[in-house]
Amino acid sequence: MSGTTGIGTTFSLPNYHGELLAITPSDTPFLSAIGSLSGGGKQTSSTAFEWQTYDLRDPSQPANLEGATAPTAQERVRANVSNVCQIHQEAVAVSYSKMAATGQYATPSSAPYRTADGVANPVASELDWQTAQALKTVALDVNFSFLNGKQNVPTTNAAARKTRGLIEAVSTNLTNNASVSYTAATSATDTITVTHALSNGDKVVFTNTGGATGIVEGRVYYVVNISTTVSFKVSLTSGGAAITLGTASGIAVHRPWTTTLTNTHIESFIQGVYDNGGMNGETATLVVGSAQKRAITAAYATAYGKALPFNGTRNFGGVSVDTVLTDFGTLNVLLDRHCPQDMIIAASLDQIAPVFLNIPGKGVFFEEPLAKTGASEQVQIYGEIGLEYGNEKAHGVLTGLAV
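What comes next is a walk through the structure. Computed from a prediction, not measured in an experiment: that's the story for all the values here. (Residues numbered from 1 in each chain as written. Predicted model: local features only at pLDDT ≥ 70, side-chain atom pairs only at ≥ 80, totals over all residues. Heavy atoms only, no water.)

**A few points about the nonpolar core**
Step number 1: In terms of nonpolar packing, the biggest core is built from 47 residues, with Phe 30 and Leu 37 touching the most fellow members.
Step number 2: Per element, the largest residue contribution to this core is seven residues, and it comes from helix α3 (residues 126-148).
Step number 3: In this structure, Leu 37 is in contact with Leu 31, Leu 135, Val 138, Ala 139, Val 142, Phe 356, Phe 365 and Ile 385, ignoring residues within four places of it in sequence.
Step number 4: Formed by 20 residues, the second largest nonpolar core is a distinct cluster that contains Val 273, Val 288, Tyr 300 and Ala 346. (Core = buried A, V, L, I, M, F, W, Y, C linked by side-chain atoms within 4.5 Å. Buried < 20%, exposed > 50% of the residue type's maximum accessible area, 1.4 Å probe, protein only. Helix = DSSP H or I, 4+ residues; strand = E, 2+ residues; numbered from the N terminus. Contact = heavy atoms within 4.5 Å.)

**A closer look at the environment of Gly 18**
Step number 1: Tracing the sequence through the fold places Gly 18 in the segment before α1 (29-34).
Step number 2: Spatially, the C-alpha atom of Gly 18 lies 42 Å from that of Val 324, the residues being 306 residues apart in sequence.
Step number 3: The residues contacting Gly 18, other than those within four sequence positions of it, are Gly 118, Val 119, Ala 120 and Pro 122.

**A word on the packing of aromatic side chains**
Step number 1: What the rule picks out here adds up to six aromatic pairs.
Step number 2: Judged by centre distance (4.9 Å) and plane angle (90°), the rings of Trp 51 and Tyr 389 are edge-to-face. Here the residue Trp 51 occupies a position in strand β2 (residues 48-53), and Tyr 389 occupies one in the loop between β19 (376-388) and β20 (396-399), the gap between them amounting to 338 residues. Across the pair, Tyr 389 and Trp 51 agree in class, each one buried.
Step number 3: Ring centres 6.3 Å apart and planes at 20° place the aromatic pair Tyr 300 and Tyr 304 in the stacked group.
Step number 4: The buried category is assigned to Tyr 300, whose relative accessible area is 2%.
Step number 5: An aromatic cluster is defined as three or more aromatic residues linked by ring pairs; in this entry it consists of Phe 49, Trp 51 and Tyr 389. (Phe/Tyr/Trp six-rings, centres within 6.5 Å; stacked < 30°, edge-to-face > 60°.)

Set out below in structure tokens:
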């Protein structure tokens, strides 16, 4: 099953009987926890926005003498951090016929011509339903970008503005345990070219797809069809069919650790973030995908004699999260499908917020009709959104973990 482009018609958008079930998950835990698309974050009047940071000198024991004159004056210099708003724009178009034909069904369309039983078509308005799905897609894109986005600040309108995600923002508390990493790889058709030491069956994770199609950053793939040490192919399954990638450059990929994660690994990582000023209070959160959620559960259960590692739940932005007791306090564990599978992100949520560009007379995120050019209704969804992540030292990234 796939989508359609252009105007939706009675031929391209058939109706069926029965309950309508979603195949693609539409939850956006990270985005919901920091403010969602409702404008609950911050607003800007520029496509770029900034915030300030400052530090204090390292503490020491003073050695001031009795009766001495005042020491040389000292001041703290502030610094600025910036990001950009990324454009999110979707369009929906539905023909007049499709809008009216809510009772026209695609079954039965061929022999044996038996009418399927079931409730009537649950989609009362095709335009409204398609618009709602487009909005869900935008939310998924925002959630993905806020974690995985790579900043681009174009000098002309020939390139798109892209917001920096939390992973790219972290530079201080960054630990990569990957066994081997390769950058500047290229692809043609289904072959990745780079000098490597991989073997068939190895698990790999892409950290930059370089525009290659068919693969997604952060997911686990399997190496297949190695013939030389300068190229390889990848598959969704071990020994499976090679994925078509197209022509691309700037691909980065690594082979994750094979070491089993322990609570010592986790707490050493958290300690580094804590020592640099992060992971304080109830907003301290470990953002993980499914692989590391299981690894954290197993690590703490093993460390404490198979005891239940999670000691309760909290609620952030309508998202219920598990909590785990560590040496550095009770931390939230937020499960998000868009977090790379080989990664644990330590996030201080109190420093993170979406930033919206407020369009005059329209708001921060809106739907509006498009110019009519024929027998159809057309609307667009539009918003410009960027990520403010505060002090990058308050967050951390532990990547290259076993998957």
